[in-house]
Amino acid sequence: MSTAREADLLVRGIDWLITVDAGRRVIRDAAIAVKDGKFAAVGKAAELEGEWRAGRTLDARGAVATPGFVDNHLHSSFQMSRGLADEANAQSFLFDHMYPYEGAMTGEDVYVSASLAAVELLRHGVTCFIDPGNYHPEATVKAIAASGMRMVIARSSFDKTKSVMGLLPERMIETTAHCLESTEALFERYHGGHDGRLAASASFRGLNNASDELILGLKAIADKHGATLQTHACFSYSTHDSSVAQYGKPEIERLESLGVLDERMLVVHSGWLEPHEVALLARRKPTLVCAPSSSIHNGYGNLAVGMLPELMALGVNVTLGSDHACSGSVDMVQEMRYCACGYKEVRINPRVMPPEHALEMATVNGARGAGLADRIGSIEVGKEADLVLFDATVSEWQPLYNPVSNLVYSATGNTVKHVFVAGEQLVRDGRLTRIDQEEIMREVRATAMRIADRLDMKKIVKLRWPVE
Ligand SMILES: [Zn+2]
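How each quantity is defined
- Residues numbered from 1 in each chain as written.
- Predicted model: local features only at pLDDT ≥ 70, side-chain atom pairs only at ≥ 80, totals over all residues.
- Pairing = 2+ DSSP bridges.
- Helix = DSSP H or I, 4+ residues; strand = E, 2+ residues; numbered from the N terminus.
- Axes fitted to C-alpha atoms, helices over the stretch in contact; angles between N-to-C directions.
- Contact = placed C-beta atoms within 7 Å.
- Parallel < 35°, antiparallel > 145°, perpendicular 65-115°, else oblique.
- Nonpolar A, V, L, I, M, F, W, Y, C, P; charged D, E, K, R; others polar.
- Buried ≥ 20, exposed ≤ 12 C-beta atoms within 10 Å, placed from the backbone.
- Arc of directions from axis to C-beta.
- Domains from an automatic or database assignment.

Right, let's get into the sheet that holds strand S6 (residues 69–71). If you walk across this open sheet you meet the four strands as S6-S7-S8-S11, and the pairing is parallel. At either margin of the open sheet sits one strand with a lone partner, and together these are S6 and strand S11 (198–200). The mean angle between the axes of side-by-side strands here comes to 15°, regardless of whether they run parallel or antiparallel. Those strands touched by helix H5 (residues 176–190) are strand S8 (150–153) and S11, and its axis lies near 155° from that of S11.

Below you can see the structure in the form of structure tokens.
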């Protein structure tokens, strides 16, 4: 018998391993060997366990394993906004609720918010996320890097106070030149940092408050660094209509006319499309991010009128994003269910979004959206070892005939037990290993009181029942 091969970690006895590799293999009674932060072997436990030895062994009996989830859209600075934007139409959501909240946030508040986001993301199996940016990237990076997870960081850019939809707070408006300089500085400082777990991206937050010069300038910076350009678009009928009123064309058509629509662009929402815009997206193939909880929480109609299942069938990379805590959950497992079930319900068609598509959106497609398709998104030899182990012995996972079905239709992120990023364990038995969760929760409670003092809470929070 040949000598055993050496690994750093051997995860053995995995009941079900969902690889999402090129062959979409699902392996029963599986094992994984990890070496130098990468998957060194993936296969049947009976074969691997004889061949590999490791300094550390993890017994994964009763577990379902998946790749780490890649959330393609999460505002980490909005984690402190839970309950602040209920029952609001799109215009009111932005201009009466979220922009005043954002305008009131200090760097310290953003640090606490991003720390809370890291706890929630990791606990729910998200190992990488894309942030559309805020005004305190240094506080954001400090919080996320402390947790050990991956992130695509951006800095917020708006250069127009006024749009047909309303007025942005003065604090959030910057000159075009300042937006571009700050984005360039962000790339210099963070791109590839934090042991390779950090990437930078260029971001304008929406089309109606962004000038053509800003969009073109940001695209040039993104191209120079081979990075993603991201924006929100077609979020509601009002963003669509406002674009037509201001620019004489809807949002996707405007991006096309500027020449920025390509495979390195990330377009969040893309619900409200005109027929010729569907054709443009199918031709240019930017990544499109479905954010189901964000739409269904206040009824923005992205699933009801959206064409993402069709665009996926046309070869467009469609991903998932949890968007923000103000729509409730920040849990990619629940987003998969909202997406799969939501499209079936509004189309009255059980075949339109199978659970496998939702899981691809949350893993391999998400990795591609983040520009990391060659490094993460699936469990296969050579990729970085981002791994989630669910405790499938609990009631919502039983009985277990089909692990992809149970994952999407039955589980929540609360059943995540262990999480690894590049082979490093960041969640053990549901608790973060690098940071003190209790300390963060104490800071969250103190910060919430400070934020409440600065906002007109009677106008923002809809407490309809008497509080004694
Ligand atoms: Zn968003």
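Before going further, it helps to spend a moment on the pairing of strand S1 (residues 5–18). Bridge analysis of S1 against strand S4 (residues 52–59) gives seven bridges, and the strand direction is parallel. Paired with Glu6 across the strands is Arg53, a residue of S4. Sheet topology note: the S1/strand S5 (residues 63–67) ladder contains two bridges and is parallel. What sits directly across from Leu17, in S5, is Ala65.

Close contact between helix H15 (residues 355–362) and helix H17 (residues 403–410) brings their axes to 9 Å; oriented N to C, the two are set at 75°. It follows from the interaxial angle that H15 and H17 lie roughly perpendicular. Contacts between H15 and H17 pair Pro355, Glu356, Ala358 and Leu359 from the former with Val404, Ser405, Leu407, Val408 and Tyr409 from the latter. Tallied by class, the residues present in the contact of H15 with H17 amount to seven nonpolar, one polar and one charged.

Turning our attention to the environment of Thr319. The topology assignment puts Thr319 in strand S16 (residues 318–320). We classify Thr319 as buried; it has 29 C-beta atoms within 10 Å. For the pair Thr319 and Trp272, spaced 47 residues apart in sequence, the C-alpha to C-alpha distance is 17 Å. Ignoring anything within four residues of it in the chain, the contact list for Thr319 reads Asn72, Thr287, Val289, Cys290, Met361, Asn365, Gly366 and Gly369.

Attention now moves to helix H9 (residues 251–258). Buried within H9 we find Glu251, Ile252, Arg254 and Leu255. Buried residues of H9 fall within an arc of 160° about the axis and therefore sit on the same side. On its buried side, H9 packs onto strand S13 (229–233), helix H8 (237–247) and helix H10 (275–284). Gly259 occupies a position one or two residues after H9 and carries a positive phi of about 75°.

It is worth spelling out the packing of helix H14 (residues 332–347) against H17 at this point. As a packed pair, H14 and H17 sit with axes 7 Å apart at the nearest point and diverge in direction by 90°. One way to sum up the angle between H14 and H17 is to call them roughly perpendicular. Contacts between H14 and H17 pair Val333, Met336, Arg337 and Ala340 from the former with Leu407, Val408 and Tyr409 from the latter.

Locating Ser76 in the fold gives a position in the loop between S6 and helix H2 (90–104). For Ser76 and Leu121, which are 45 residues apart along the polypeptide, the C-alpha to C-alpha distance reads 9.8 Å. For Ser76, the residues in contact, after removing those within four places along its chain, are Ser113, Ala114, Ala117, Asp131, Thr140 and Ile144.

When the domains of the protein chain are assigned, the result is domain 1 (5–67 + 377–432) and domain 2 (69–369). Computed over C-alpha atoms only, the centres of domain 1 and domain 2 are separated by 29 Å. With 22 residues of domain 1 at the contact, the number on the domain 2 side is 28 residues. Elements with a minimum of two residues in the side of domain 1 that touches domain 2: H17, strand S18 (416–421) and strand S19 (424–428). The dominant element in the side of domain 1 that touches domain 2, judged by the number of residues it contributes, is H17, at five residues. Here the side of domain 1 that touches domain 2 is composed, by residue class, of 14 nonpolar, six polar and two charged.

Residues Gln398 and Pro399 are joined by a peptide bond in cis, for which omega reads -5°. Of note in the backbone geometry, Glu87 takes a positive phi value of approximately 45° without being a glycine. Along the chain, Glu87 falls in the loop between S6 and H2. Here the phi dihedral of Asp323 falls at roughly 70°; this positive angle occurs in a residue that is not glycine. With respect to the helices and strands, the residue Asp323 is situated in the loop between S16 and H14.

Pairing within the open sheet is parallel, and its five strands lie in the order S12-S13-S14-S15-S16. The sheet is open, and its two edges are formed by strand S12 (202–203) and S16, each paired on a single side. Pairing between S12 and S13: two bridges, direction parallel. Across the sheet, Ala202 pairs through a bridge with Leu229, a residue of S13.

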